[in-house]
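Chain residues, written in single-letter form:
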Amino acid sequence: MRTRRTFGRDLLAATALAGWKSRGGLFADAISIPSSEFRGAASLRAHAAARSLYVGSAVNTGLLEDDSGYRRTVVEQCNIISAENAMKWAALRPGPEQFDFALADRFVAFAEANGIAVRGHNLCWHEALPTWFTGTVNRDNAEQFLTAHIAAVAGRYQGKIRSWDVVNEAISLADNEPGGMRNGPWYKVLGPRFIDIAFRAARAADPRTLLTYNDYGIETDGAADTAKRAAVLALLARMKHDGVPLDAVGIQSHLSVDSGGQIGSGLNEFLKEAARLGLKVFITELDVNDDSIGEDNPKKRGEQVAALYRNYVGMLLGNRAVTDVLSWGISDGSSWLNAPGAKFRARHSGREETLSLIHI
Ligand code: XIL
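Described in the following lines is the structure provided in the data block.

Rules used throughout
- Along each chain, residue indices are assigned from 1 in the same order as the chain's sequence is written.
- The predicted origin of the model limits local features to residues at a pLDDT of at least 70 and limits the giving and counting of side-chain atom pairs to 80 or more, whereas totals for whole chains, interfaces and linings rest on all residues.
- Water and hydrogen atoms play no part in the side-chain values, which are based on all heavy atoms of the structure.
- Note on definitions: angles span 0 to 180 degrees between N-to-C directions of axes, and those axes are lines fitted to C-alpha atoms, for helices only across the stretch in contact.
- Labels follow the DSSP assignment, with helices taken as runs of H or I lasting at least four residues and strands as runs of E lasting at least two, numbered in each case from the N terminus.
- Any angle that is under 35 degrees is reported as roughly parallel, and any over 145 degrees as roughly antiparallel; angles of 65 to 115 degrees are reported as roughly perpendicular and all others as oblique.
- Handedness of each helix crossing follows the sense of rotation of the near helix against the far helix: counterclockwise by less than a right angle gives left-handed, clockwise gives right-handed.
- Here a residue-residue contact requires only that any non-hydrogen atoms of the pair lie within 4.5 Å.
- Amino acids outside the nonpolar list (Ala, Val, Leu, Ile, Met, Phe, Trp, Tyr, Cys, Pro) and the charged list (Asp, Glu, Lys, Arg) are all regarded as polar, and Gly is one of them.
- Three exposure classes are used, based on accessible area relative to the maximum for each residue type with a 1.4 Å probe and protein chains only: buried under 20%, partly exposed in between, and exposed over 50%.
- The charged-residue count follows a simple rule in which Lys and Arg add positive charge and Asp and Glu add negative charge, with His and chain termini not counted at all.
- In what follows, salt bridge is the name for a side-chain nitrogen of Lys or Arg lying within 4 Å of a carboxyl oxygen of Asp or Glu.
- Centres within 6.5 Å are what make two rings of Phe, Tyr or Trp a pair, Trp counting through its six-membered ring; a difference in plane orientation under 30 degrees is then read as stacked, over 60 as edge-to-face, and the rest as tilted.
- Two limits define a charge over a ring: the Lys NZ or Arg CZ must be within 6 Å of the ring centre, and within 35 degrees of the ring normal.
- Both site types are read off a 1 Å grid over the protein atoms alone. A 1.4 Å probe that fits but cannot get out defines a cavity, while an open set with protein on both sides within 12 Å along at least five of seven lines defines a pocket; lining residues have an atom within 4 Å of a point.
- Grid points are joined across faces, edges and corners, and a volume is the space filled by probe spheres set on the points.
- Neighbouring residues are identified by heavy atoms, a residue being near a molecule or strand if any of them is within 4 Å of it.
- In the analysis that follows, any N or O atom pair within 3.5 Å is treated as a polar contact, provided that within protein one partner can donate a hydrogen and the other can accept it, and provided that, for residues neighboring in sequence, both atoms belong to side chains.
- A 1.4 Å probe and the Shrake-Rupley method give the accessible areas. Residues count as covered only by the protein chains that appear here.
- Grid points define the cavity or pocket, and a molecule sits in it when more than half of its atoms lie within 2 Å of them.
- For the purposes of this section, nonpolar cores are sets of buried Ala, Val, Leu, Ile, Met, Phe, Trp, Tyr and Cys residues that join through side-chain atoms within 4.5 Å.

### Looking at the packing of helix α8 (residues 142-156) against helix α10 (residues 194-205)
At step 1: Where α8 contacts α10, the axes come no closer than 8 Å and their chain directions differ by 30°. Our classification of the angle between α8 and α10 gives roughly parallel. Taken as a pair, α8 and α10 cross one another with a handedness that is right-handed. Residues Glu143, Leu146, Thr147, Ile150, Ala151, Ala154 and Gly155 of α8 form the contact with α10, whose participating residues are Phe194, Ile197, Ala198, Ala201, Ala202 and Ala205.
At step 2: Residue composition of the contact of α8 with α10, grouped by class: ten nonpolar, two polar and one charged.

### Considering the side chain of Arg93
At step 1: Mapped onto the fold, Arg93 is located in the loop between α5 (89-92) and α6 (102-113).
At step 2: Despite being buried, Arg93 has no salt bridge partner; Glu97 is the closest side chain of opposite charge, sitting 6.0 Å away.
At step 3: In contact with Arg93, other than residues within four places in its own chain, are Gln98, Phe99, Pro130, Trp132, Phe145 and His149.

### Concerning the packing of aromatic side chains
At step 1: Applying the stated criterion to the full structure yields seven aromatic pairs.
At step 2: Members of the aromatic cluster, connected to one another through ring pairs, are Trp89, Trp132, Phe133, Phe145 and Trp186.
At step 3: A cation sits over an aromatic face here: Arg93 above Phe99, 4.0 Å from the ring centre.
At step 4: Positioned above the aromatic ring of Tyr216, the side-chain terminus of Lys228 is 3.6 Å from the ring centre.

### Overview of the layout of surface pockets
At step 1: What the largest pocket holds in volume is close to 790 Å³.
At step 2: Along its surface, the largest pocket is lined by 31 residues, and Tyr216, Gln252, His254, Trp336 and Phe344 are the ones closest to its centre.
At step 3: For the lining of the largest pocket, the elements supplying multiple residues, two or more each, are α11 (223-241), β7 (254-256) and β8 (280-289).
At step 4: When grouped by side-chain class, the residues that make up the lining of the largest pocket number eight nonpolar, 13 polar and ten charged.

### Quick look at the site of the ligand
At step 1: By nearness alone, every residue bordering the ligand is listed as Glu84, Asn85, Lys88, His121, Trp125, Asn168, Glu169, Gln252, His254, Glu285, Trp328 and Trp336.
At step 2: Separating an oxygen atom of the ligand from a side-chain N or O atom of Asn85 is a distance of 2.9 Å.
At step 3: One of the side-chain nitrogen or oxygen atoms of Trp328 is found 2.9 Å away from an oxygen atom of the ligand.
At step 4: In isolation the ligand exposes 410 Å². Once the protein is present, 76% of that is buried.
At step 5: The cavity that encloses the ligand is the largest pocket.
At step 6: Here the shell around the ligand is composed, by residue class, of three nonpolar, five polar and four charged.

### Section: the environment of Thr61
At step 1: As for its placement among the helices and strands, Thr61 is situated in helix α3 (residues 61-66).
At step 2: Each C-alpha atom of the pair Thr61 and Ser82 lies 9.8 Å from the other, and the pair is 21 residues apart in sequence.
At step 3: Look past the residues within four positions of Thr61 in its chain and what remains in contact with it is Ala86, Leu103 and Phe107.

### Thoughts on the packing of α11 against helix α12 (residues 265-276)
At step 1: Between α11 and α12, the shortest axis-to-axis distance is 11 Å and the interhelical angle comes to 0°. One element, α11, and the other, α12, form an angle in the roughly parallel class. Contact residues: Arg229, Val232, Leu233 and Leu236 in α11; Gly266, Leu267, Phe270, Glu273 and Ala274 in α12.
At step 2: Residues of the contact of α11 with α12, tallied by class, amount to six nonpolar, one polar and two charged.

### Some details on the nonpolar core
At step 1: Formed by 90 residues in total, the largest nonpolar core has its most connected members in Val74, Leu146, Val167, Trp186, Phe194, Phe199 and Tyr213.
At step 2: Ignoring anything within four residues of it in the chain, the contact list for Val167 reads Cys124, Phe194, Ile195, Ala198, Phe199, Thr212, Tyr213 and Asn214.

### Remarks on the side chain of Glu84
At step 1: Within the secondary structure, Glu84 is located in the loop between β2 (80-83) and α5.
At step 2: With no salt bridge to any partner, buried Glu84 finds its closest opposite charge in Lys88, at an N-O distance of 6.6 Å.
At step 3: In contact with Glu84, other than residues within four places in its own chain, are Ala58, Val59, Asn60, His121, Trp328, Ser334 and Trp336.

Next comes the structure, spelled out in structure tokens:
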């Protein structure tokens, strides 16, 4: 029977199958056609649709346009996609008064043409701000800049975006601000109210898109994740209490084979609390970093990565609030973890990679 709970097992089947039968191998040729067993009715997209779930990946728009194998994989496997970078401020805002929607427009049109839903990522973040931001945005004009950006961007794609990451990564306990707020560029000029401003502007621009607060480091039962999860939950509860329009929480889910804490009771409790607040829950940026396994044993690494995907996705889908699962990159070769100069991964030159949801 096709149930939500068996979806995790299907994912394992998918990773195992595609992983060992048609591994592309090294980065250069990793983007290739997935094995035939992993298509059509056996694709992630079909599994997801059969369970009324959204499953997909962040998409590199450059590869989407230049690489037909990559494009084919996205269409075959995803019924939802997000843009890895193309909808961030730095991509959309060449100048304080300018917008460049060319790439984002093509991305949204591609999704529409292929019957794929879109997650908007993102409207407000402390990273990927344009170079002009610091010298231009100040206490006096910040609210105007934030609301004008959101009105223009969310307004342009009104009705075409299933969910928007309205605010991304606003909590950072290390910054020692009240409520665990990150002392980021928007917080510095507007204080904590930037969050409510952003969500209200997003609701005004697109009445039906699912407005999402998205964050990382809230997955495990380790001390740091546990504390951050509590701060995120307090923020969500406060927003609901104050009548701020909020529909969903995104759990980024950048996992690691040695994440330093079990994944279980803490996250399960969080899911229940989120559901109690009336929120949907999305897995928004799922990937597994296997960097800590130093030895070059691709089979062993592949098994551990697949097991973590299976257990994690299976556990979360056990809660009905969880409706969407997106990985952060559809293949090893296109994952940010393997990009030149990537922050979170050593370079294991020439070693076979095993980290992505879909091994091709
Ligand atoms: C990353 C992209 O994958 C990289 O290409 C880019 O250089 C930096 O941003 N959390 C997020 C994403 O919300 O936007 C980040 O994406 C990964 C971490």
